[in-house]
Amino acid sequence: MKFLNSTFDFKDKINSSLGRETRVDWNNRKLKEYSEYLRNLKIKNLDIILDELINNWQSGFYKELMLSFVADKDDTRFLTFDELYNNRLLVLAAENLSRTNIKTIAFSKTDLNVFKTMQPFIDTIYFMNIGRKFLWEDVLNTFFNGLDARLMLGLDKFDELEEVPQPTAEFFQKLGETQIASKATSDLYMKLTLLQMHIEDDIFGHNFGDFSEDYRPTEDLFIQLLAGCSAVHNGRDTINSDDVIMAYKTFFKLVKTDITVYKAPQSIIDSMPEFTGYLVCDMCGVSHGLGPEDSPDDFEDTCDCGGHLVYKNN
Ligand SMILES: [Zn+2]
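Residues numbered from 1 in each chain as written. Predicted model: local features only at pLDDT ≥ 70, side-chain atom pairs only at ≥ 80, totals over all residues. Heavy atoms only, no water.

**Student:** So what about the coordination of the zinc ion? Which residues, and what values?
**Tutor:** Tetrahedral coordination by four donors puts the ideal angle at the metal at 109.5 degrees, and octahedral coordination by six puts it at 90 or 180 degrees. Looking at the zinc ion, one finds its protein donor set to be Cys281 (SG), Cys284 (SG), Cys303 (SG) and Cys305 (SG), positioned 2.3 Å from the metal centre. Of note is the zinc ion, whose four donor atoms meet at the metal with angles of 101 to 114 degrees in an arrangement that counts as tetrahedral. Written as a sequence motif, the donor residues of the zinc ion are C-x2-C-x18-C-x1-C. Taken together, the residues cysteine 284 in the loop between β1 (277–281) and β2 (287–290) and cysteine 303 in the loop between β2 and β3 (309–312) connect sequence positions 19 residues apart. (Donors = N, O, S within 2.8 Å, 3.2 Å for Na, K, Ca; no water. Tetrahedral: all angles 85-135°; square planar, octahedral: opposite > 155°, others 65-115°. Helix = DSSP H or I, 4+ residues; strand = E, 2+ residues; numbered from the N terminus.)

Rendered as structure tokens:
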């Protein structure tokens, strides 16, 4: 990548000296081209989406969001499979959505990979709001606060629902049938993606892929997920332009919401301690936490100070 970039830098220097288009010029031209194209589509509320998109970019918010996305968010232990099963939505998705394969990708179907893009965004926005690394309680909040169900069933009204809605298997079966099928919808979805891609290049320079290869596809699929949910709400399996607009509307509201107000239920917090036991040194008193899947036998029984590590359950 480094080599490629310096080659591009070199070419840019030559192009610039010859009065030819550089990568920056090209990116600016493309940005203009896609925004004009989208502005000219007569789609209801698309203007509001474009305004918000440009505003997030120019205010620096979008950059902050993307940096939070790639930030190292926690040093806590992983949740075990058994623990994850307490999130009913994950279970329903795993049971009812197709595994990702060539067919689901070719037909832009809402499959498991599309579903899996939601959690990284919930983590990212939570992280932006607390402004520090996750403690264990934050990990539990992000997984069990019910925001995923609120988003899927409430869309842009996710914050107005009094209770966490209960999704059903039927909802997920219908969701799995949704797809971006029409040319017009696919065009809108793709052009918005391209516009955002050029915005990303404007923010992080033009060394393509240097920022994060994950961000763009994750955001795109998350928009698709929300659009799929919108289609289900409207009794359709074909995602249309209204659904794409609704998805962006929901997304833009989500990224500006302080989602730390959504907490995991106390029963979850009580039932899933970060450490289920400790190894404590009998000489210096230093302690190491053990998770549910760690065995005291996996660790050395002597401390750096020469003392013995003894297992304690609290
Ligand atoms: Zn020690």
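**Student:** Give a description of the pairing of β2 that names residues and reports values.
**Tutor:** Regular strands show a simple pattern: their side chains alternate between the two faces of the sheet. Bridge count for β1 against β2 is four bridges, and the pairing is antiparallel. Looking across to β2, one finds that valine 280 is bridged to serine 287. Counting the residues between successive antiparallel strands, the hairpin from β1 to β2 contains five residues, one of them, glycine 285, with a positive phi of roughly 85 degrees. (Pairing = 2+ DSSP bridges.)

**Student:** How would you summarise unusual backbone geometry if you had to cite specific residues and measurements?
**Tutor:** At asparagine 45, a residue that is not glycine, the phi angle is positive and equals roughly 70 degrees. Take asparagine 45: it is sitting in the loop between α2 (23–40) and α3 (46–58). For asparagine 45, a relative accessible area of 36% gives the class partly exposed. Here the phi dihedral of leucine 155 falls at roughly 50 degrees; this positive angle occurs in a residue that is not glycine. (Buried < 20%, exposed > 50% of the residue type's maximum accessible area, 1.4 Å probe, protein only.)

**Student:** Would you mind going over a negative patch on the surface in detail, with residue names and values included?
**Tutor:** Taken together, the side chains of Asp82, Glu293, Asp294, Asp297 and Asp298 present a region of like negative charge at the surface. Structurally, glutamate 293 can be placed in the loop between β2 and β3. (Patch = residues over 30% accessible without salt bridge, like charges linked within 9 Å, V, L, I, M, F, W, Y side chains within 5 Å. Areas by Shrake-Rupley, 256 points an atom, 1.4 Å probe, with all protein chains shown as cover. Salt bridge = Lys/Arg side-chain N within 4 Å of Asp/Glu carboxyl O. Lys, Arg positive; Asp, Glu negative; His and termini not counted. Charge placed at Lys NZ, Arg CZ, Asp CG, Glu CD.)

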